[in-house]
Amino acid sequence: MGDTAAVSRGTDIGLLLLRLGLGLTMAAHGSQKLFGWFGGGGLDGTGQFFGMSGYPASRAMAVIAGLSETLGGLGLVFGVLTPLAAAAIVGTMINAVAVKWDGGFFAPQGIEYELFLAVAGAAVALTGAGAYAADRFLPVLRSHRLVHGVAALVLAVLTALTVLLIRG
């Protein structure tokens, strides 16, 4: 095996690990919001939090955030529609950063965690899923194109900004 093949395989394994770590983390966060699993507030608790954070239709926003995180996370885990799955994570994290903005950079009140998740999602959207993903069986996404990732991220940012404008 040549050096190029070894580098390519290493990149594909690295992307798989990044997708698994980010995807499972986000799916768990989403299931906290939707179902109250893993110590989460469920739709009622999450809806109350969204209401206190200034979002109208707070329960509906909780459903949207929970589904974005859960389905986006699972999409990353399996490598299905990876640019869109990553964009769902990015859009949700943009809103999370906006809500926590006044808390500084460092956890527990800061934005470092949410910002890192958003950047990791953007990186996956731009690089693609790699060889070990279901996208390899989809003709349009079989070979990743940067334009898919950029388009998905533009959609994420525009959607997140729209939600933030609704929040007021």
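A few points on the structure.

## Notes on the overall build of the protein chain
Here is step 1 of the chain: On a plain count of helices and strands, the protein chain comes out with six helices and zero strands.
Here is step 2 of the chain: Mapped in sequence order, the helices and strands of the protein chain form the string α-α-α-α-α-α.
Here is step 3 of the chain: Taken over C-alpha atoms, the radius of gyration comes to 17 Å for the protein chain, in line with the 15 Å a tight globule of 168 residues would show.
Here is step 4 of the chain: For the protein chain, the spread of C-alpha atoms along the principal axes amounts to about 55 × 30 × 30 Å.
Here is step 5 of the chain: A burial count over the protein chain gives 37% of its 168 residues as buried.
Here is step 6 of the chain: Looking at the protein chain as shown, the accessible area adds up to about 8900 Å², and 73% of this sits on carbon and sulfur atoms.
Here is step 7 of the chain: In the protein chain, the 9 positive side-chain charges and the 8 negative ones have mean positions that sit 8 Å from each other.

## Regarding the packing of helix H5 (residues 112-127) against helix H6 (residues 146-167)
Here is step 1 of the chain: Axis separation between H5 and H6 bottoms out at 6 Å; the angle between their running directions is 145°. Taken together, the residues of H6 that come into contact with H5 (itself represented by Ala122, Ala125 and Leu126) are Leu146, Gly149, Val150 and Leu153.
Here is step 2 of the chain: When grouped by side-chain class, the residues that make up the contact of H5 with H6 number six nonpolar, one polar and no charged.

## Let's talk about the layout of surface pockets
Here is step 1 of the chain: A volume near 720 Å³ is recorded for the largest pocket.
Here is step 2 of the chain: Taken together, 32 residues line the largest pocket, and the ones lying closest to its centre are Lys33, Phe50, Ala65, Glu69 and Thr92.
Here is step 3 of the chain: Among the elements of the structure, helix H1 (3-35), helix H2 (42-52), helix H3 (58-78), helix H4 (82-100), H5 and H6 are those that each provide at least two residues to the lining of the largest pocket.
Here is step 4 of the chain: With 10 residues, H4 is the largest single contributor of residues to the lining of the largest pocket.
Here is step 5 of the chain: Across the lining of the largest pocket, the residue classes break down as 19 nonpolar, nine polar and four charged.

## So, the nonpolar core
The nonpolar side chains of a soluble globular protein tend to be buried, and buried together.
Here is step 1 of the chain: Counting 17 residues, the largest nonpolar core has Leu22, Met26, Leu76, Ala86, Ile89, Met93 and Leu117 as the members making the most contacts within it.
Here is step 2 of the chain: Going through the elements one at a time, H1, H4, H5 and H6 are the ones with two or more residues in this core.
Here is step 3 of the chain: Take this core: its biggest share by element is six residues, from H4.
Here is step 4 of the chain: Excluding residues that lie within four positions of it along the chain, Leu76 makes contacts with Arg19, Leu22, Gly23, Thr82, Ala85, Ala86, Ile89 and Val124.

Rules used throughout
- Residues numbered from 1 in each chain as written.
- Predicted model: local features only at pLDDT ≥ 70, side-chain atom pairs only at ≥ 80, totals over all residues.
- Heavy atoms only, no water.
- Helix = DSSP H or I, 4+ residues; strand = E, 2+ residues; numbered from the N terminus.
- Rg over C-alpha atoms; globule rule 2.2 N^0.38 Å.
- Buried < 20%, exposed > 50% of the residue type's maximum accessible area, 1.4 Å probe, protein only.
- Areas by Shrake-Rupley, 256 points an atom, 1.4 Å probe, with all protein chains shown as cover.
- Lys, Arg positive; Asp, Glu negative; His and termini not counted.
- Charge placed at Lys NZ, Arg CZ, Asp CG, Glu CD.
- Axes fitted to C-alpha atoms, helices over the stretch in contact; angles between N-to-C directions.
- Contact = heavy atoms within 4.5 Å.
- Nonpolar A, V, L, I, M, F, W, Y, C, P; charged D, E, K, R; others polar.
- 1 Å grid on protein atoms, 1.4 Å probe; cavity = no way out; pocket = protein on both sides within 12 Å on 5 of 7 lines; lining within 4 Å.
- Points joined across faces, edges and corners; volume = space filled by probe spheres on them.
- Core = buried A, V, L, I, M, F, W, Y, C linked by side-chain atoms within 4.5 Å.

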